[in-house]
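What follows is each chain in one-letter form.
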Amino acid sequence: MNFELGTLNLKLLVILCGISLVSCTSINVFEKNVFFKNHEWPNRNRPSIRFNITDTASVYNLYVVIRHLDAYNYNNIWMNIYTKSPGDTVQIQQLDLLLADNKKGWLGTGMDDIFEHRVRITSAPVQLKKPGDYEFTFEQIMREEPLQHILNVGLRIEKAE
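Values in this document were obtained by computation on a predicted structure and should not be read as measured data. (Residues numbered from 1 in each chain as written. Predicted model: local features only at pLDDT ≥ 70, side-chain atom pairs only at ≥ 80, totals over all residues. Heavy atoms only, no water.)

Asks: Any chance you could explain the sheet that holds strand 12 (residues 132-140) here in plain terms?
Replies: Across a sheet, strands are paired by hydrogen bonds formed along the backbone, either parallel or antiparallel in direction. The antiparallel open sheet is built from four strands, whose spatial order is 3-12-5-6. Both edges of this open sheet fall to strand 3 (48-53) and strand 6 (91-98), since each of them pairs with a single strand only. Here the average twist between neighbouring strands, direction ignored, is 25 degrees. Here strand 3 runs beside strand 12; their pairing, made up of six bridges, is antiparallel. Paired with R50 across the bridge in strand 12 is E135. (Pairing = 2+ DSSP bridges. Helix = DSSP H or I, 4+ residues; strand = E, 2+ residues; numbered from the N terminus. Axes fitted to C-alpha atoms, helices over the stretch in contact; angles between N-to-C directions.)

Right under this line is the structure:
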């Protein structure tokens, strides 16, 4: 009986090690989303997301996360993204994010009538060279006011492999 208990403990240890190795392959560093009341994004609503970086040796992929309803009227969204790194001035990046095309329809993942897009906002992985708080502010600059059928916008940061 004692031998069986030792074998069982060994099997449990192997399983736990395997699970921990699988969980270590996750490279997600940060994701935060801001939800919009009534599924509308007024252009005066400029949500900001802050995060703290301590690992300045790694490189990161930065994504905008957008969730919308199937009823969203456009195949893209124009945005200004304001980035403030520790001790620096604000940098503005204007982006036309493609959400759909005529062949495939919505390019993101969907469930029922909700679609999520993770659109990379840098052409290559970036190194965040200064430790401290980084702040990203999102402004939609579409002609429709308020922009209808947008559930939320967010930021996702992943360590690049």
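Asks: What is the right way to read the layout of surface pockets from this model?
Replies: Over the atoms rolls a probe the size of a water molecule, and its path tells where empty space is left. The calculated volume of the largest pocket comes to roughly 370 Å³. Breaking the lining of the largest pocket down by element, the ones donating at least two residues are strand 5 (76-84), strand 6, strand 11 (126-127) and strand 12. Looking at the lining of the largest pocket element by element, the count peaks at three residues for strand 6. (1 Å grid on protein atoms, 1.4 Å probe; cavity = no way out; pocket = protein on both sides within 12 Å on 5 of 7 lines; lining within 4 Å. Points joined across faces, edges and corners; volume = space filled by probe spheres on them.)

Asks: Please clarify how unusual backbone geometry should be interpreted in this entry.
Replies: Residues other than glycine predominantly adopt negative phi, and peptide bonds predominantly adopt the trans conformation. Following E145, the chain continues to P146 via a peptide bond in cis, the omega torsion being -10 degrees. Phi angles above zero are rare outside glycine, and H39 is one such case at about 60 degrees. Position of H39 relative to the elements: it lies in the loop between strand 1 (28-35) and strand 2 (40-41). Within the chain, D112 stands out as a residue other than glycine whose phi angle is a positive 55 degrees. In this fold, D112 is placed in the loop between strand 9 (109-111) and strand 10 (114-120).

Asks: What is the right way to read the side chain of E139 from this model?
Replies: With respect to the secondary-structure elements, E139 resides in strand 12. Exposure remark for E139: the relative accessible area of 7% places this residue in the buried category. Side-chain polar atoms of E139 contact the side chain of R46, separated by 2.6 Å. Ignoring anything within four residues of it in the chain, the contact list for E139 reads W41, N43, R46, W78, M79, N80 and Y82. (Buried < 20%, exposed > 50% of the residue type's maximum accessible area, 1.4 Å probe, protein only. Polar contact = N/O pair within 3.5 Å; in protein donor to acceptor, adjacent residues only side chain to side chain. Contact = heavy atoms within 4.5 Å.)

Asks: Help me understand the nonpolar core, please; the structure alone is not making it clear to me.
Replies: In globular proteins that are soluble, nonpolar side chains generally tend to be buried together. Counting 31 residues, the largest nonpolar core has W41, V64, I77, M79, F136 and F138 as its most contacted members. Of all the elements in the fold, those that place two or more residues in this core are strand 3, strand 4 (59-69), strand 5, strand 6, strand 10, strand 12 and strand 14 (150-159). Setting aside residues up to four positions removed in sequence, W41 forms contacts with F36, P47, I77, M79, F138, E139, Q140, P146, L147, I150 and V153. (Core = buried A, V, L, I, M, F, W, Y, C linked by side-chain atoms within 4.5 Å.)

Asks: I would appreciate a short explanation of the pattern of salt bridges in the present structure.
Replies: Taken as a whole, this structure holds 11 salt bridges when the rule is applied. Where E158 meets R156, a salt bridge forms, and the shortest distance between an N and an O atom there is 2.6 Å. Assigned by exposure class, E158 and R156 land together as buried. (Salt bridge = Lys/Arg side-chain N within 4 Å of Asp/Glu carboxyl O.)

Asks: Could you clarify how one ought to interpret the side chain of N76 in this entry?
Replies: Its place among the elements puts N76 in strand 5. With a relative accessible area of 13%, N76 lands in the buried category. Within the structure, N76 has its side chain in polar contact with the side chain of D96 (distance 2.7 Å). Every residue in contact with N76, bar those within four places of it in the chain, is listed here: D96, L97, L98, L99 and M142.

Asks: Honestly, the pairing of strand 5 in this entry has me stumped. Any pointers?
Replies: A regular strand carries its side chains on alternate faces of the sheet. Counting buried positions along strand 5 gives seven out of nine residues, so the element sits mostly inside the fold. Sheet topology places strand 5 next to strand 6; eight bridges connect them, and they run antiparallel. Residue I77 lies in a different strand from strand 6, and its bridge partner there is L97. Hairpin connection between strand 5 and strand 6: a loop of six residues separates the two successive antiparallel strands, and G87 in this loop has a positive phi of roughly 75 degrees. Examined bridge by bridge, strand 5 and strand 12 share six bridges and lie antiparallel to one another. Its bridge partner being in strand 12, T83 is matched across the sheet by F136.

These results come straight from atomic positions and should not be treated as a statement about function.
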